[in-house]
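# Survey of secondary and tertiary structure
Okay, here's what each chain looks like letter by letter:
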Amino acid sequence: DVRLGRTRLESKYLAIQSLHEENNWSINWMCKGLGVSHAAYYKWLHREVPDQELENQRIAALIREYDDRFGHILGYRRMTLWINHFNGTDYKVKRIHRIMKSIGIHAIIRAKRKQYERSTPETVAENTLKRDFHADKPNEKWTTDVTEFKIPEVNKKLYLSAILDLYDRTPVSYVLSARNDNALVFKTFDLAIAANPDATPLFHSDRGFQYTSKVFKMKLQEQGMEQSMSRVGHCIDNGPTEGFWGIIKTEMYCMYDITDEKTLREAIESYMNFYTNERPQERFDGKTPAQVRKEAMLTDAPKDYPISENKRIQKYKAKWAA
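Residues numbered from 1 in each chain as written. Predicted model: local features only at pLDDT ≥ 70, side-chain atom pairs only at ≥ 80, totals over all residues. Heavy atoms only, no water.

### Regarding the packing of helix H2 (residues 27–34) against helix H3 (residues 38–45)
Quick note on the threshold: For helices, the fitted axis covers only the stretch in contact; all axes are lines through C-alpha atoms, and the angles between them, taken along N-to-C directions, range from 0 to 180 degrees. In this description a helix means any DSSP run of H or I spanning at least four residues, a strand means any run of E spanning at least two, and both kinds are numbered starting from the N terminus. Reported orientations rely on four angle classes, namely roughly parallel under 35 degrees, roughly antiparallel over 145, roughly perpendicular from 65 to 115, and oblique for the rest. Should the near helix be turned anticlockwise from the far one by less than a right angle, the crossing is left-handed, and should it be turned clockwise, the crossing is right-handed. Contacts: residue pairs with any heavy atoms within 4.5 Å of one another. Under the scheme applied, nonpolar residues are Ala, Val, Leu, Ile, Met, Phe, Trp, Tyr, Cys and Pro; charged residues are Asp, Glu, Lys and Arg; polar residues are all the others, including Gly.
In the contact formed by H2 and H3, the axes pass within 9 Å of each other and the chain directions differ by 110°. The angle between the axes of H2 and H3 places the two elements in the roughly perpendicular class. Pair H2 / H3 crosses with right-handed handedness. Contacts between H2 and H3 involve Ile27, Asn28 and Cys31 on the former and, on the latter, His38, Tyr41 and Tyr42. Its residues assigned to classes, the contact of H2 with H3 comprises four nonpolar, two polar and no charged.

This is the structure in structure tokens:
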């Protein structure tokens, strides 16, 4: 363990205390080996612990619990948000950050790679969305994409198709399949409409072959939706969906034990539920996407959740959206 109080030798004292309680190691032997006074250790052991130090120890225990429970996916900002959300506390980011550094806990960050496939489109649409990822209400703007997951130990893949609502970032529908084909995307769209029959959002995607097909264009037209597409080679035009894939692939593999196709499918299903219903987000004032969506659906004036300014997007708008 490590020091959370002000005593210079606290880390050594804590180690002695822990090893003696857990393994019955000799206190005298450990004090001698660590170069600390036997009397000083007992003085520390029987001291009156300050309230702030006790509180820091309780926070450290929560940090360890959350780090283990959520597979080491929480950096100090989200650790602060989640601890406060689930415990009704109001700890500050700097305090959580300091304690996480003291006990050697940090988020595991997994790099992601994007692979592009060339296709000859049947029909294309303009980039009407123009990287304006803010929405005033649910079902105003939807984005979509398909991503792949490698099945461990076999030369096979699973494909996940999802549609995100840009207001609350809720996956309004998703489908898993062993094949990346038109049927995968069409089923995802049909499920989204079944759940939101009156929705007529701006519908944004990349230029994948499923979205440029004439059949899919007809499905959008029948629903009264306007189609928008990313420009060639500009994945940031569909930034929210790309970001969503990155979140899944960073966090899911840390949270679940994935060994074969069955456990991969179960992990994806579990994570989608976790993301929607259990994962609080700072932008939403510590609420989950499902909570934000539910609240918005019950009012004619949904709460506005501004997006932090992105300099790349502002530069893009200045050039292309003037």
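Anyway, onward from the coordinates.
### So, the side chain of Thr147
Rules: As used in this structure description, the phrase polar contact means that two N or O atoms lie within 3.5 Å; if the pair is within protein, one of them must be able to donate a hydrogen and the other to accept it, and residues adjacent in sequence are counted only when both atoms belong to side chains.
Turning to its location among the elements, Thr147 is positioned in strand S1 (residues 141–150). Polar contacts involving the side chain of Thr147 include one to the side chain of Lys249, which spans 2.6 Å. If we skip the residues at most four places from it in the chain, Thr147 touches Leu158, Tyr159, Leu160, Trp245 and Lys249.

### Quick word on the pattern of salt bridges
Cut-off, in case you're wondering: Any Lys or Arg side-chain nitrogen located within 4 Å of an Asp or Glu carboxyl oxygen qualifies as a salt bridge. A 1.4 Å probe rolled over the protein chains alone gives each residue an accessible area, and that area as a share of the maximum for its type sets the label: buried under 20%, exposed over 50%, partly exposed in between.
By the definition in use, this model includes 18 salt bridges. Here Arg293 and Asp168 are joined by a salt bridge, their closest N and O atoms 2.8 Å apart. Pair noted here: Arg293 is in helix H11 (residues 289–297) and Asp168 is in the loop between strand S2 (157–165) and strand S3 (171–177), with a separation of 125 residues, a long-range link. As far as burial versus exposure is concerned, Arg293 and Asp168 are alike and both buried. Salt-bridge contacts for Glu266 lead to Lys262; the nearest nitrogen and oxygen are separated by 2.6 Å. Pair noted here: Glu266 and Lys262 are both in helix H10 (residues 261–277), with a separation of four residues, about one helical turn. According to the relative accessible area criterion, Lys262 is exposed, its value standing at 56%. Bridged by salt links that share partners, the residues Arg78, Glu251 and Arg279 form one connected network.

### Let's talk about the nonpolar core
Basically, it comes down to this: We call a set of buried residues a nonpolar core when its members are Ala, Val, Leu, Ile, Met, Phe, Trp, Tyr or Cys and they connect through side-chain atoms within 4.5 Å of each other.
Counting residues in each nonpolar core, the largest one holds 39 residues, and the members touching the most others are Ile63, Ile248 and Met252. Of all the elements in the fold, those that place two or more residues in this core are helix H4 (51–69), helix H5 (76–87), helix H6 (93–102), S2, helix H9 (239–255) and H10. Broken down by element, this core gets its largest block of residues, seven residues, from H10. Other than its neighbours up to four places away in sequence, Ile63 contacts Met79, Ile83, Ile96, Ile99, Met100, Ile103 and Ile105. Membership of the second largest hydrophobic core comes to 20 residues, among which are Leu184, Val185, Phe203 and Met229.

### Quick word on the packing of H4 against H5
Relative to each other, H4 and H5 sit at 105°, their axes nearing to 11 Å. Taken together, the axis directions place H4 and H5 in an arrangement best described as roughly perpendicular. On the side of H4, the interface is formed by Leu62, Ile63, Tyr66 and Asp67, while H5 contributes Met79, Trp82, Ile83, Phe86 and Asn87. For the contact of H4 with H5, the residue count by class is seven nonpolar, one polar and one charged.

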